[in-house]
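Each chain, written out:
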Amino acid sequence: MGEITPDERVYWTWQFVRINATIVYTWATMAFLVLGSWLITRKLSTGPELSRWQNFLEVIVDYTRKQIQEISQQKPDRYLAFIGTLFVFIAVSNALAIVPGYVPPTASLSTTAALAICVLVAVPVFGITRVGLGAYLRNYIRPNPVMLPFNIVGELSRTLALAVRLFGNVMSGVFVVGIVLSLAGLLVPIPLMALDLLTGAVQAYIFTVLAMVFIGATLADASPQSPNQQQGTS
Amino acid sequence: MNNLIQVISILAAAIAVSFGAIGPALGEGRAVAAAMDALARQPESAGTISRTLFVGLAMIETMAIYCLVIALLVLFANPFIK
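Definitions and cut-offs
Residues numbered from 1 in each chain as written. Chains lettered and ligands numbered in written order. Predicted model: local features only at pLDDT ≥ 70, side-chain atom pairs only at ≥ 80, totals over all residues. Helix = DSSP H or I, 4+ residues; strand = E, 2+ residues; numbered from the N terminus. Buried ≥ 20, exposed ≤ 12 C-beta atoms within 10 Å, placed from the backbone. Contact = placed C-beta atoms within 7 Å. Expected span 1.5 Å × (residues − 1). Bend = angle between axes of the 7 residues up to and from the residue. Pairing = 2+ DSSP bridges. Axes fitted to C-alpha atoms, helices over the stretch in contact; angles between N-to-C directions. Parallel < 35°, antiparallel > 145°, perpendicular 65-115°, else oblique. Left-handed = near helix turned anticlockwise from the far one by under 90°. Nonpolar A, V, L, I, M, F, W, Y, C, P; charged D, E, K, R; others polar. Core = buried A, V, L, I, M, F, W, Y, C linked by C-beta atoms within 7 Å.

J.: Honestly, the overall build of chain A in this entry has me stumped. Any pointers?
T.: From N to C terminus, chain A includes 7 helices and 2 strands. Along the first, second and third principal axes, the C-alpha atoms of chain A reach 60 × 55 × 40 Å. A total of 234 residues make up chain A; the buried ones form 28% of that total. Put simply, 67% of the contacts in chain A that link residues at least 6 apart link residues at least 24 apart.

If you want it as structure tokens, here you go:
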């Protein structure tokens, strides 16, 4: 007990370079995702016979595309990479928390702050490339120029809320399991861990939906596009 | 003196969590009740309602999470206890 974040567990130090648990487990999660995706997508089939794991990935991608389409009323392809990566990374790192010894990197404020800053940067990038600089900046003086400071503060505070929400949920889950484990041993923390899995999945969903809502809010001007056509294979 | 700070810190954490839980609990109850009402009236728009409900609940829950984070900071990362 006593360590509130995995940042404080340092494995290796060399001058100013410190490798802590957050970095190690973030890279472990990324390696897991990349290796898994590579193994599954190595032999894709377009025929009626799908392998089980290809079907699994297709369900995730298809559902993400549908959600993006519904929230933003835009073609999902531009946002699929960013939004999908956020969802898959957060969901997998929350779900792997049941593996003994694994510390979810999302239980560290550094990771969640980094993810929230990615969203903060992505909003103007997507907004400007889609509707242009002028139309994007006009969002800040809407409904009238008096609201300018509130809009700016709102943009910053929602980024803070995004980071702290994910961090608070995951960290408190890890914490509660640790406390219960130190009070009562075998089998007692299992219901709490199950609740933790549910919270992790819901938080991953909420984080991505909020990111998409923030991006979609700047695209309100853009002409709604026709729903994308299903292409051949999936 | 140091002891007093610790006692007050624990008290402060308990107060922060207890009062921080009341408001969001009431708010979430109202939000879910309204969503249930809307679902019963219009089952066909279940997708939109439940997505908006989730986003709204996340917003409300943030307040409780802030209190929790403050409590944990006071307990485990208190700047006044060396």
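J.: Help me understand helix H2 (residues 46–76) of chain B in this model?
T.: Residues and elements named next belong to chain B. In this model H2 runs 42 Å from its N-terminal to its C-terminal C-alpha over 31 residues, within 8% of the 45 Å that 1.5 Å per residue would give. Threonine 62 marks where H2 bends most, by close to 30 degrees. Of the positions making up H2, those classed as buried are Ala58, Ala64, Ile65, Cys67, Leu68, Val69, Ala71 and Val74.

J.: Help me understand the interface of chain A and chain B, please; the structure alone is not making it clear to me.
T.: It is common to give the size of an interface as the accessible area that goes away when the parts come together. If you look at the interface, chain A gives 13 residues, while chain B gives 12 residues. Within the residue set of the side of chain A that touches chain B, elements represented by two or more residues are helix H6 (148–183) and helix H7 (190–218) of chain A. Sorting elements by how many residues they give to the side of chain A that touches chain B places H6 of chain A first, with 6 residues.

J.: I'm lost on the pairing of strand S1 (residues 10–14) of chain A in this one. Help?
T.: Residues and elements named next belong to chain A. When you tally the buried positions in S1, you get 0 out of 5 residues, a small fraction of the element. Note: S1 against strand S2 (residues 17–20), 4 bridges, orientation antiparallel. Each residue of the ladder has a partner; that of tryptophan 12, found in S2, is isoleucine 19. Between S1 and S2, which pair antiparallel in sequence order, lie 2 residues; one of them, glutamine 15, sits at a positive phi of approximately 50 degrees.

J.: Is there a simple way to explain helix H3 (residues 77–95) of chain A in this structure?
T.: Owing to its 3.6 residues per turn, the α-helix brings residues three or four apart onto one side. All names here are of chain A. Along its 19 residues, H3 runs 26 Å from first to last C-alpha, staying within 8% of the 27 Å computed at 1.5 Å per residue. Approximately 25 degrees is the largest bend angle found in H3, and it occurs at isoleucine 83. Within the span of H3, buried status applies to Tyr79, Ile83, Leu86, Phe87, Val88, Phe89, Ile90, Ala91, Ser93 and Asn94.

J.: Whenever I open this one, the environment of threonine 159 of chain A confuses me. Can you help?
T.: Residue and element names in this part refer to chain A. As for its placement among the helices and strands, threonine 159 is situated in helix H6. Threonine 159 sits 40 residues away from valine 119 along the chain, and the two C-alpha atoms are 7.7 Å apart. Ignoring anything within four residues of it in the chain, the contact list for threonine 159 reads Ala116, Ile117, Val119 and Leu120.

J.: Just checking my understanding: could you explain unusual backbone geometry for this structure?
T.: With the exception of glycine, the majority of residues adopt a negative phi angle, and the majority of peptide bonds are in the trans configuration. Residue and element names in this part refer to chain A. Here the phi dihedral of glutamine 73 falls at roughly 55 degrees; this positive angle occurs in a residue that is not glycine. Following the sequence through the fold, glutamine 73 ends up in the loop between helix H2 (52–72) and H3. Backbone geometry at leucine 187 places phi at a positive 70 degrees, although glycine is not the residue there. Relative to the helices and strands, leucine 187 resides in the loop between H6 and H7.

J.: I keep staring at the packing of H2 of chain A against H7 of chain A and nothing clicks. Help me out?
T.: Packed helices, taken two at a time, are described by the angle between their axes plus the distance between the axes. All names here are of chain A. Running from N to C, H2 and H7 cross one another at 40 degrees; their axes reach a closest spacing of 9 Å. Judged on the interaxial angle alone, H7 and H2 are oblique. Seen along the crossing, H2 lies across H7 with a hand that is right-handed. Here H2 contributes Ile68, Ile71 and Ser72 to the contact with H7, which in turn contributes Val209, Met212, Val213, Ile215 and Gly216. Across the contact of H2 with H7, the residue classes break down as 6 nonpolar, 2 polar and no charged.

J.: Explain the packing of H3 of chain A against H7 of chain A here, please?
T.: Residues and elements named next belong to chain A. Two elements in contact, H3 and H7, have axes separated by 8 Å at closest approach and are oriented at 160 degrees. In terms of their interaxial angle, H3 and H7 are classed as roughly antiparallel. Where H3 crosses over H7, the two elements pack in a sense that is right-handed. Across the interface between the two elements, Tyr79, Ile83, Leu86, Phe87, Ile90, Ala91, Asn94 and Ala95 of H3 pack against Leu197, Gly200, Ala201, Gln203, Ala204, Phe207, Thr208, Ala211, Met212 and Ile215 of H7. Along the lines of polarity and charge, the residues of the contact of H3 with H7 split into 14 nonpolar, 4 polar and no charged.

J.: Before we go on, may I ask you to explain the nonpolar core in this structure?
T.: Side chains of a nonpolar character, in soluble globular proteins, are inclined to be buried together. Judged by nonpolar contacts, the single largest core of 46 residues is most densely connected at Leu86, Ile90, Phe207, Ala211 and Met212 of chain A. The set of elements that each furnish at least two residues to this core consists of helix H1 (21–41), H2, H3, helix H4 (109–131), H6 and H7 of chain A together with helix H1 (2–41) and H2 of chain B. In contact with isoleucine 90 of chain A, other than residues within four places in its own chain, are Thr106, Leu166, Ala204 and Phe207 of chain A.

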